Every structure is written in C-alpha cells, then in structure tokens.
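Summary of structural features
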Amino acid sequence: MEKTAEPLPTRGLGKLLQLFELVKFQHTLFALPFALVAMLLAAGGLPPAETFAWILMSMVAARSTAMGFNRFIDVDYDRNNPRTADRTLARGAMRPRTAVGFTGASAVVFVFAAYQLNLLCFYLSPVALGVILGYSYTKRFTTL
C-alpha cells in the first residue's frame, strides 16, 4: 500500500519546518561545535564577532546546500528505501522546486559569507561547493 502525501504548506512556519526537516537542521546544530573548535584552532583563539558570524553562516549554508542537494538527487532512491521513504521529498510533502530553490539560495549565502570573510575564501568557495555537491554522487560508485 502506497503512502499518501501530507498536505503541502505554502507559507510560514510549516514551510520553514519542512526546510529544517529537509536538511536535518538538528544535525547541523550537532556539527557546529566541531566547526567552532576548528575555527578557534585556525584563528588561534576567538576571532572578532563579525568573523565569527560569517564563519557560522558559511558553515550552516554549506551544510544546507549539501543536504538539500543530496535529498533532491536521491529522491528516487529514498522513495524505494524503507529507511528513507518518509523523508520530506520522498513522501511528496515538499515540491522538488522548493528543495532546489532552497539549495540554490543556501549556495549563494555560502559564497556571500565566504566573500565577507576574505578573497581567498571567496575564490575557494566554488571548490568547496564542488566537494560538498560531488560527495552526494560518490555513494553510487564507492563505499567511501
């Protein structure tokens, strides 16, 4: 028996909660301490508040980009896997264009945050995007 999709909220808190579910925002919060420790080590202490904010924004945006992209490209796999069939896109609770739009917006925020940090971060941001987006395809040909 096939699952029926939940109603598609079009605005407000319902859509925001769907986006949080799409990227598993609670996992982003779990990953933050690791990113912040790396920041402290790289900066040799606490950087200025503005730098701290841009680093935080770039980390959240990069992870949101990666997770949104992964959910979109794997939607057919997710639908056929009992463990992942209840994910937002797989069950039809979110339109694919919403996920693509969110992913694109997250990538733009990441590049902008990188630019705000410094030009080297900005110039390397496409490389970072290539790695985080390319990673989603690696499971198709490697166990790594």
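Presented here is a report on the structure given in the accompanying data block. (Residues numbered from 1 in each chain as written. Predicted model: local features only at pLDDT ≥ 70, side-chain atom pairs only at ≥ 80, totals over all residues. Heavy atoms only, no water.)

1. As for the overall build of the protein
Helix and strand counts for the protein stand at six helices and zero strands. Along its sequence from the N terminus, the protein presents helices and strands in the succession α-α-α-α-α-α. Residues classed as buried in the protein amount to 31% of the 144 residues present. Expressed as a percentage of contacts within the protein between residues at least 6 apart in sequence, the contacts between residues at least 24 apart total 67%. Charged side chains of the protein number 14 positive and 8 negative; the gap between the two group centres comes to 1 Å. (Helix = DSSP H or I, 4+ residues; strand = E, 2+ residues; numbered from the N terminus. Buried < 20%, exposed > 50% of the residue type's maximum accessible area, 1.4 Å probe, protein only. Contact = heavy atoms within 4.5 Å. Lys, Arg positive; Asp, Glu negative; His and termini not counted. Charge placed at Lys NZ, Arg CZ, Asp CG, Glu CD.)

2. Here we look at helix 5 (residues 96-117)
The first and last C-alpha atoms of helix 5 sit 32 Å apart over 22 residues, in line with the 32 Å expected at 1.5 Å per residue. Those residues of helix 5 not exposed but buried are Thr98, Ala99, Thr103, Ser106, Ala107, Phe110, Ala113 and Ala114. The inward-facing, buried residues of helix 5 contact helix 1 (12-22), helix 3 (49-73) and helix 6 (119-138). (Expected span 1.5 Å × (residues − 1).)

3. Quick word on the packing of helix 3 against helix 5
Taken N-terminus to C-terminus, the directions of helix 3 and helix 5 make an angle of 150°; their axes are 8 Å apart at the nearest point. Classified by the interaxial angle, the pair formed by helix 3 and helix 5 is roughly antiparallel. The handedness of the crossing between helix 3 and helix 5 comes out as left-handed. Together, Thr51, Trp54, Ile55, Met57, Ser58, Ala61, Ala62, Ser64, Thr65, Gly68, Phe69 and Phe72 of helix 3 and Pro96, Val100, Phe102, Thr103, Ser106, Ala107, Val109, Phe110, Phe112, Ala113, Gln116 and Leu117 of helix 5 make up the contact between the two elements. (Axes fitted to C-alpha atoms, helices over the stretch in contact; angles between N-to-C directions. Parallel < 35°, antiparallel > 145°, perpendicular 65-115°, else oblique. Left-handed = near helix turned anticlockwise from the far one by under 90°.)

4. Topic: the nonpolar core
Formed by Leu19, Leu22, Val23, Met67, Val75, Leu89, Met94 and Ala99, the largest nonpolar core amounts to eight residues. Aside from chain neighbours lying at most four places away, what touches Leu89 is Leu22, Arg71, Phe72, Val75, Arg79, Met94, Arg95, Pro96 and Ala99. (Core = buried A, V, L, I, M, F, W, Y, C linked by side-chain atoms within 4.5 Å.)

5. A look at a nonpolar patch on the surface
A cluster of nonpolar residues, Leu13, Leu16, Leu17 and Phe20, forms a patch on the protein surface that exposes about 380 Å² of accessible area. Its location among the elements puts Phe20 in helix 1. (Patch = residues over 30% accessible without salt bridge, like charges linked within 9 Å, V, L, I, M, F, W, Y side chains within 5 Å. Areas by Shrake-Rupley, 256 points an atom, 1.4 Å probe, with all protein chains shown as cover. Salt bridge = Lys/Arg side-chain N within 4 Å of Asp/Glu carboxyl O.)

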